[in-house]
Amino acid sequence: MKENQLRRGLKSRHMTMISLGGSIGTGLFLASGGAIHAAGPGGALLAYFIIGIMVYFLVTSLGEMATFMPVSGTFSTYATKFVDPSLGFALGWNYWYNWAITIAAELSAATLIIKFWLPDSPSFLWSALFLALMVGLNLLSVKSYGESEYWFAMIKIVTVIVFIGIGLLMIVGIWGGNAVGFSNFTAGDAPISGGFLAVLGVCMAAGFSFQGTELVGVAAGESENPRKNVPRAIRSVFWRILLFYILAIFVVGMLIPYTTDTLASDSIAASPFTIIFEKAGLSIAASVMNAVILSSVLSAGNSGMYASTRMLWVLAKEGKAPKLFAKLSKSGIPVYALLATAALGMLAFLASFFGDGQVYIWLLNASGMSGFIAWLGIAICHYRFRKAYIAQGRKVADLPYRSIWFPFGPILAGVMCMIVIIGQSISAFSDGQVDWKFLAASYIGIPFFLVLWLGYKWKYKTKVLKLEECNLDPTED
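Residues numbered from 1 in each chain as written. Predicted model: local features only at pLDDT ≥ 70, side-chain atom pairs only at ≥ 80, totals over all residues. Heavy atoms only, no water.

All right, on to the overall build of the protein chain then. A tally of regular secondary structure across the protein chain gives 17 helices and 0 strands. Relative to the globule expectation of 23 Å for 477 residues, the C-alpha radius of gyration of the protein chain, 22 Å, shows essentially globular dimensions. With the C-alpha coordinates aligned to their principal axes, the bounding extent of the protein chain is approximately 65 × 50 × 50 Å. Per-residue burial over the protein chain gives 57% buried out of 477 residues. In the protein chain, the proportion of contacts linking residues at least 24 apart, taken out of those at least 6 apart, comes to 81%. For the protein chain, the accessible area works out to roughly 19,000 Å², and carbon and sulfur atoms hold 68% of it. (Helix = DSSP H or I, 4+ residues; strand = E, 2+ residues; numbered from the N terminus. Rg over C-alpha atoms; globule rule 2.2 N^0.38 Å. Buried < 20%, exposed > 50% of the residue type's maximum accessible area, 1.4 Å probe, protein only. Contact = heavy atoms within 4.5 Å. Areas by Shrake-Rupley, 256 points an atom, 1.4 Å probe, with all protein chains shown as cover.)

Structural data, given as structure tokens:
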């Protein structure tokens, strides 16, 4: 084992579950109801299908690079080697910040969920407890992170499969009374309500729901056998998108009229999963879904801690962050990077107590935009990687894993990312008025990214690399 290197402790089953569970969470359990309410069951299905295609191309693009060059820095390292070191610097810090702030969001969400059972308990106590749990799981070893994610993902996957199974039985009348059939799916303005703008608005929400899918690329640097495990995990992405999102939204759209106001609520009791389980006669549905959503929130926070810690470690290793963060413990954990990430997450959480949470809301908005910027970076990196690979006289057939439909895949994914980023502003122009406050909050992540990118470029006078200059050395961490 080389000194100052991460340990390859993630097994095949860990990688598969990280891939399967990476984006299953509140976006499916809660936000899917609001999507159906806004655009109708057909509109929600169309939006999630479109974003699912985009995510599939992005993940297969990342998979091709991660299998060939399995490093924990992923697209930050790839941007440095295939595009421009300044872009790598900006993408790395952007991604670290994105997940560190997400940790704060998950702490807030976990506290609210606990209030469902213990309404008078102190919020700070629970947030501190959950933060300590996340830090502890990441501090032990990479294997402990993989094992915890395995079981967190298993809880979510079993819940969704049971939900879809019961829902399909209810649709045909085998469970819970008379067959509903397509009556709700075609009622009123369904299946698509609100037109193009409503579908585009749901595309925004769907994009946020899928964030975290790229974690399999970050974890590639610590996989026992990345050339075998990464492609296997990538191939499961298509089935996850098809089964967990498309089928679940289909079931909700068939069983609950899209005009039902409670679908637009963020309450656990109003989750479409809870409503349908209660219709099926499962009286403890609210408590069960509350526990499942709590596990999802802790899983997201746990993954955020892992991803941001590894990104900060890589930045330090490449000289783009203080050297202190490049130090590893005896078990191969970047402890100082982990503590710095936890500290930012806790500070952001504390910001939610001041000024009616305005500081916290702005941080969250900046974080949300950061995820789409990272995805756009993946598409650009893959396009440049494949072009450089061919320009340097290598054969595509020799790649250990190849994404399909190049260059159509990364170009389509990149264009769709840009549409989603630009589309954030649509709701700010309603009724002939411009909501400048909303507009600024939606796009605060872009100037943050530009300052990092252009600042580094100005200081170090970096340029876009020629294809022949791109570093394709597949040296592993």
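Our next topic: a nonpolar patch on the surface. Together, Leu169, Val172, Ile174, Trp175 and Leu282 give the surface a local cluster of nonpolar side chains, amounting to about 440 Å² of exposed area. Residue class for leucine 282 comes out partly exposed when judged on its relative accessible area of 33%. (Patch = residues over 30% accessible without salt bridge, like charges linked within 9 Å, V, L, I, M, F, W, Y side chains within 5 Å. Salt bridge = Lys/Arg side-chain N within 4 Å of Asp/Glu carboxyl O.)

Turning our eyes to something else, we now look at the packing of aromatic side chains. Applying the stated criterion across every chain, the model contains 29 aromatic pairs. Measuring from ring centre to ring centre gives 5.0 Å for phenylalanine 29 and phenylalanine 273, while their planes differ by 90 degrees; the resulting arrangement is edge-to-face. On the criterion of sequence distance, the pair formed by phenylalanine 29 in helix H2 (residues 26-29) and phenylalanine 273 in helix H11 (residues 272-279) is long-range, its members being 244 residues apart. Each member of the pair, phenylalanine 29 as well as phenylalanine 273, is classed as buried. An angle of 75 degrees between the planes, with centres 6.4 Å apart, marks the rings of tyrosine 95 and tryptophan 99 as edge-to-face. Placement of both tyrosine 95 and tryptophan 99 in helix H5 (residues 85-117) is noted, with a separation of 4 residues, approximately one turn of the helix. Tryptophan 99 matches tyrosine 95 in its accessibility class, with the two residues each being buried. These aromatic residues form a ring-pair network of at least three members: Phe68, Tyr78, Phe82, Phe385 and Tyr389. Between the NZ or CZ atom of arginine 386 and the centre of the ring of phenylalanine 406, over which it lies, the distance is 4.6 Å. Above the ring of tryptophan 458, the side-chain terminus of lysine 461 is found at 5.5 Å from the ring centroid. (Phe/Tyr/Trp six-rings, centres within 6.5 Å; stacked < 30°, edge-to-face > 60°. Lys NZ or Arg CZ within 6 Å of the ring centre and 35° of its normal.)

This part is about the environment of tyrosine 145. Note that tyrosine 145 resides in helix H7 (residues 142-171). Sequence-wise, tyrosine 145 and threonine 26 are 119 residues apart; in three dimensions their C-alpha atoms are separated by 21 Å. Each residue touching tyrosine 145, except ones within four places of it in the same chain, is listed here: Leu10, Ile18, Leu137, Asn138, Asn302, Ser303 and Tyr306.

Quick look at the side chain of arginine 386 now. Residue position: arginine 386 is located in helix H14 (residues 358-391). Setting aside chain neighbours within four positions, we find arginine 386 in contact with Glu64, Val396, Leu399, Arg402, Ser403 and Phe406.

With that out of the way, let us pick up the nonpolar core. Among the nonpolar cores identified, the biggest contains 152 residues, and Tyr48, Met54, Tyr78, Phe82, Tyr95, Phe163 and Trp375 are the most heavily contacted of them. Counting residues per element, this core draws most heavily on helix H3 (residues 31-68), at 17 residues. Not counting residues up to four positions away in its chain, the partners in contact with tyrosine 78 are Leu62, Met65, Ala66, Met69, Val71, Val83 and Cys381. (Core = buried A, V, L, I, M, F, W, Y, C linked by side-chain atoms within 4.5 Å.)

Look at helix H4 (residues 74-82) against H5: their axes get within 6 Å of each other, and the N-to-C directions meet at 170 degrees. Classified by the angle between their axes, H4 and H5 sit roughly antiparallel to one another. Residues Phe75, Ser76, Ala79 and Thr80 of H4 pack against Pro85, Leu87, Gly88, Phe89, Leu91, Gly92 and Tyr95 of H5. (Axes fitted to C-alpha atoms, helices over the stretch in contact; angles between N-to-C directions. Parallel < 35°, antiparallel > 145°, perpendicular 65-115°, else oblique.)

Computed from the structure, the second largest pocket encloses a volume of approximately 270 Å³. Along the wall of the second largest pocket there are 15 residues; nearest its centre are Ile373, Leu376, Met418, Phe449 and Trp453. Of all the elements in the fold, those that place two or more residues in the lining of the second largest pocket are H5, H14, helix H15 (408-423) and helix H17 (445-460). When residues of the lining of the second largest pocket are assigned to their parent elements, the largest contribution, 5 residues, is made by H14. A per-class count over the lining of the second largest pocket returns 14 nonpolar, 1 polar and no charged. (1 Å grid on protein atoms, 1.4 Å probe; cavity = no way out; pocket = protein on both sides within 12 Å on 5 of 7 lines; lining within 4 Å. Points joined across faces, edges and corners; volume = space filled by probe spheres on them. Nonpolar A, V, L, I, M, F, W, Y, C, P; charged D, E, K, R; others polar.)

What follows concerns the confidence of the model for the protein chain. Low pLDDT marks stretches whose predicted atomic positions should not be read closely. Residues of the protein chain with pLDDT of at least 70 account for 92%, and the chain-wide mean is 84. By mean pLDDT, helix H1 (residues 12-21) is the weakest element of the protein chain at 73, and H17 is the strongest at 93. (pLDDT = per-residue confidence, 0-100.)

A word on helix H12 (residues 285-317). Between its terminal C-alpha atoms H12 stretches 48 Å, which fits the 48 Å expected from 33 residues at 1.5 Å a residue. The buried fraction of H12 is high, at 28 of 33 residues. Phi for glycine 319, located one or two positions after H12, is positive at around 80 degrees. (Expected span 1.5 Å × (residues − 1).)

With that settled, consider the environment of lysine 143. Its location among the elements puts lysine 143 in helix H7. Residue classification places lysine 143 among the partly exposed residues on the basis of a relative accessible area of 42%. Each residue touching lysine 143, except ones within four places of it in the same chain, is listed here: Gly9, Lys11 and His14.

So, on to unusual backbone geometry. The general pattern is negative phi for most residues beyond glycine and trans for most peptide bonds. With an omega of 0 degrees, the peptide bond between phenylalanine 406 and proline 407 qualifies as cis. Along the chain, proline 407 turns up in the loop between H14 and H15. Although it is not a glycine, tryptophan 405 adopts a positive phi angle of roughly 60 degrees. Considering the arrangement of structural elements, one finds tryptophan 405 in the loop between H14 and H15. For lysine 461, which is not glycine, the phi dihedral falls at a positive 55 degrees. Classification of lysine 461 as exposed rests on a relative accessible area of 60%.

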